[in-house]
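Listed below are the residues making up each chain.
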Amino acid sequence: MKEELKIRFLSDLIDFKNGKSIKPSSGNIPIYGGNGILGYSEKYNYNNILIIGRVGAYCGSIHYHKEKCWVSDNAIAGEVKSDYSIDYLYYLMKSLNLNDRQVGSSQPLLTQGVLNNISVKIYESSQTQQSIAAVLSALDKKIALNKQINARLEQMAKTLYDYWFVQFDFPDANGKPYKSSGGEMVFDETLKREIPKGWEVKSLKDVLVNRSDNIKSEDLTSNMPYTPIDSLPMRKMTFSDFQKIENARTSLIRYSFNDILIGAMRVYFHRVCIAPFDGITRSTTIVLKPKKQNHLPFLYQLCNEEKTINFASKVSIGTQQPYVNWVNGLAEYKFAMPNLKLIERYSIKIMPLIKSVITREKQNHQLTQLRDFLLPMLMNGQVSVAE
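A brief report on the enclosed structure follows. Remember, predicted model here, so these are calculated numbers, not experimental data.

**Describing unusual backbone geometry**
Here's step 1: Positive phi values are uncommon outside glycine, yet Arg 235 reaches one of about 60°.
Here's step 2: The topology assignment puts Arg 235 in the loop between strand S12 (208-210) and strand S13 (252-255).
Here's step 3: Its identity is not glycine, yet Asn 258 carries a phi of approximately 75°, on the positive side.
Here's step 4: Of note, Asn 258 is situated in the loop between S13 and strand S14 (260-263).

**Some details on the packing of aromatic side chains**
Here's step 1: Scanning the model with the defined rule gives 18 aromatic pairs in all.
Here's step 2: With centroids separated by 4.9 Å and ring planes inclined at 70°, the aromatic side chains of Phe 165 and Phe 298 adopt a geometry described as edge-to-face. Of this pair, Phe 165 sits in helix H4 (residues 126-166) while Phe 298 sits in helix H6 (residues 296-303), placing them 133 residues apart in sequence.
Here's step 3: Using a relative accessible area of 7% as the deciding quantity, one classes Phe 165 as buried.
Here's step 4: Three or more aromatic residues link up through ring pairs in this structure, and these residues are Tyr 161, Trp 164, Phe 165, Phe 168, Phe 170, Tyr 178, Trp 199, Phe 298, Phe 335 and Tyr 346.

**Some words on the side chain of Arg 211**
Here's step 1: Mapped onto the elements, Arg 211 comes out in the loop between S12 and S13.
Here's step 2: Taking relative accessible area as the criterion, Arg 211 reaches 16% and is therefore assigned buried.
Here's step 3: The contact partners of Arg 211, leaving out residues within four places of it in the chain, are Ile 253, Ser 256, Asp 259, Val 287 and Lys 289.

**A word on empty space enclosed by the protein**
Here's step 1: By the definition in use, this model includes one cavity of 30 Å³ or more.
Here's step 2: In this structure, the largest cavity spans a volume of roughly 40 Å³.
Here's step 3: Looking at the largest cavity, the residues that line it are Ile 262, Phe 269, Val 272, Cys 303, Thr 308, Ile 309, Ala 312 and Leu 330.
Here's step 4: Tallying contributions element by element places helix H7 (residues 306-314) first for the lining of the largest cavity, with three residues.
Here's step 5: For the lining of the largest cavity, the class distribution of residues is seven nonpolar, one polar and no charged.

Quick notes on the rules
- Residues numbered from 1 in each chain as written.
- Predicted model: local features only at pLDDT ≥ 70, side-chain atom pairs only at ≥ 80, totals over all residues.
- Heavy atoms only, no water.
- Helix = DSSP H or I, 4+ residues; strand = E, 2+ residues; numbered from the N terminus.
- Phe/Tyr/Trp six-rings, centres within 6.5 Å; stacked < 30°, edge-to-face > 60°.
- Buried < 20%, exposed > 50% of the residue type's maximum accessible area, 1.4 Å probe, protein only.
- Contact = heavy atoms within 4.5 Å.
- 1 Å grid on protein atoms, 1.4 Å probe; cavity = no way out; pocket = protein on both sides within 12 Å on 5 of 7 lines; lining within 4 Å.
- Points joined across faces, edges and corners; volume = space filled by probe spheres on them.
- Nonpolar A, V, L, I, M, F, W, Y, C, P; charged D, E, K, R; others polar.

This is a description of form; function is not addressed.
In structure tokens form, the structure reads like this:
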């Protein structure tokens, strides 16, 4: 016989308590705010706890930590009562859309009183709770693993780029690190620094084409992925999430698979990534296509260098919301251009890595959709774990 759901208040399941402010230190205990980990400390104020965003943009966000942690004053700590599974209640809380329960107009706020008085339907059986949590956590663990692998692969690509093209220790004719082994360096007057002999000074406009293919609203189709500037990832090679086309506004331009996308407004300059599919964005994103496609791995890392991003800041225009143009702006950034064979060697090593990262990002998008589809159905009894 199928177990029936019971109506309970959250106060019957969880003891909600305030977090407390603390300054990060050299410890290894995580400090949680509404947006996740803020830093680390040597102290802790909770152990095995739910963390609920209390105030601001992340009001109602849900995290949980099964070990010692410090919950800060912009979050609420939720101690699960002994009869219930913290994993199950974590997903139950995720299904409640707590951001819609906020109070206050100028500053969104979620209070203990609001939380305590929310009524929910739950399964009382610990076996049922654990079975539901196991299904959802298996998806979350796979998503987390994919993110971890991608982060390592991205770091490998950056490390090799820095070693070859920043430190100039690419393999010489004998397979030894060029600069460290005494490779000849020459001073370049344009860059005001030494570069390997035989390398040229180029501008970004020499190796990249700015794509500004405007698209009219009547040409939009319902299956077009829309990626505005604030959806571009920061410090990540690529992405998988996108918005629905009905959210698209004016000044729309196309981007294509393997284009390089760069946020053109100052607060978004660090958002440099590779497009994982064809889509549309707004003109506040600079869309760049490599003139030679097999140079993509090198050019992506070049655009993502701190020097390139700092140059964009220097040539940005406007006062209230500074932005950078391509023409007479970012296009003029000068860099040391290696010989083509070296760039191609780097591409041969890194292009499979980029494809692997994009594949995992797409898989995570599918897994996230599946989890979000199952979450409310498992919680409200529309489907059971057996089904």
